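Letter by letter, the chains look like this.
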Amino acid sequence: MTEAKRGWKEQEERLLTAYHDLAVSPAGKIVLEDLRRFCCAETTTVLMDKEGRIDPLAMAVSEGRRQVLGHIESSAREGGVLGAPRETPQFAQSTLGEE
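What you see is a predicted model, and the numbers here were worked out from it, not measured in a lab.

A. Summary view of the overall build of the chain. Each helix and strand counted, the chain has 3 helices and 0 strands in total. Ordered by position in the sequence, the α and β elements of the chain form the string α-α-α. Sequence-distant contacts, at least 24 apart, represent 60% of the contacts inside the chain between residues at least 6 apart. Accessible area of the chain: about 7100 Å², with a carbon and sulfur share of 58%.

Rendered as structure tokens:
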């Protein structure tokens, strides 16, 4: 492996570990729960305009948000695999606003 590839792999591992550490920290869990709500993780991304028609632009925004959240969650899971033993991040349905 070349020096450049080794450096890139180490950087990627540090980044994935950081995603994982965020996902399992108390503050990170709160932030990710809020992001799941904001990014439509548990709801449809089919959005309607004022006339009741499907709004393709609003759908595109919602899907973009969902893809970012998916990247964060998959990176956190992958980062948990790199180190041993590590807590596995749990991404559950949002409970924000419930008491």
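Let us keep going from here.
B. A look at the side chain of S75. Residue position: S75 is located in helix α3 (residues 56-82). Residues within four places of S75 in sequence aside, it is in contact with L16 and Y19.

C. Representation of unusual backbone geometry in the model. With phi around 60 degrees, C40 is a residue other than glycine that occupies positive phi space. One can find C40 in the loop between α2 (26-38) and α3.

D. Local environment of the environment of L15. Note on placement: L15 falls in helix α1 (residues 3-24). C-alpha separation for the pair L15 and G79, spaced 64 residues apart in sequence, amounts to 7.8 Å.

E. Quick peek at the pattern of salt bridges. For the structure shown, the criterion picks out 8 salt bridges. Notably, a salt bridge pairs R6 with E3, separated by 3.2 Å at the nearest N-O pair. Note that R6 and E3 are positioned in helix α1 at a spacing of 3 residues, about one turn of the helix. By relative accessible area, which is 33% here, R6 ends up partly exposed. With a shortest N-O distance of 3.1 Å, D49 and R53 are connected by a salt bridge.

F. Structural view of a nonpolar patch on the surface. Taken together, the side chains of V46, M48 and I54 make up a nonpolar region of the molecular surface, amounting to roughly 270 Å² of accessible area. Residue position: V46 is located in the loop between α2 and α3. Since its relative accessible area comes to 37%, V46 is described here as partly exposed.

Rules used in this analysis
Position labels on residues start from 1 in each chain and follow its written sequence. Owing to the predicted nature of the model, reporting of local features is limited to residues with pLDDT of at least 70; listing and counting of side-chain atom pairs is limited to 80 or more, with chain, interface and lining totals taken over all residues. Side-chain figures throughout are based on the complete set of non-hydrogen atoms in the structure, without hydrogens or water. In DSSP terms, a helix is any run of H or I states spanning at least four residues, a strand is any run of E spanning at least two, and both are numbered starting from the N terminus. Only heavy atoms enter the contact rule, under which two residues are in contact if any of them lie within 4.5 Å. Computed with the Shrake-Rupley method and a 1.4 Å probe, the accessible areas treat only the protein chains shown as cover for residues. For this document, the term salt bridge refers to a Lys or Arg side-chain nitrogen within 4 Å of an Asp or Glu carboxyl oxygen. Partly exposed residues are those whose accessible area sits between 20% and 50% of the maximum for their type, while under 20% is buried and over 50% is exposed, using a 1.4 Å probe and protein chains only. To count toward a patch, a residue needs a relative accessible area above 30% and no salt bridge. Like charges then connect within 9 Å, nonpolar side chains (Val, Leu, Ile, Met, Phe, Trp, Tyr) within 5 Å.

So, to be careful, I would describe these as geometric facts and stop short of saying anything about function.
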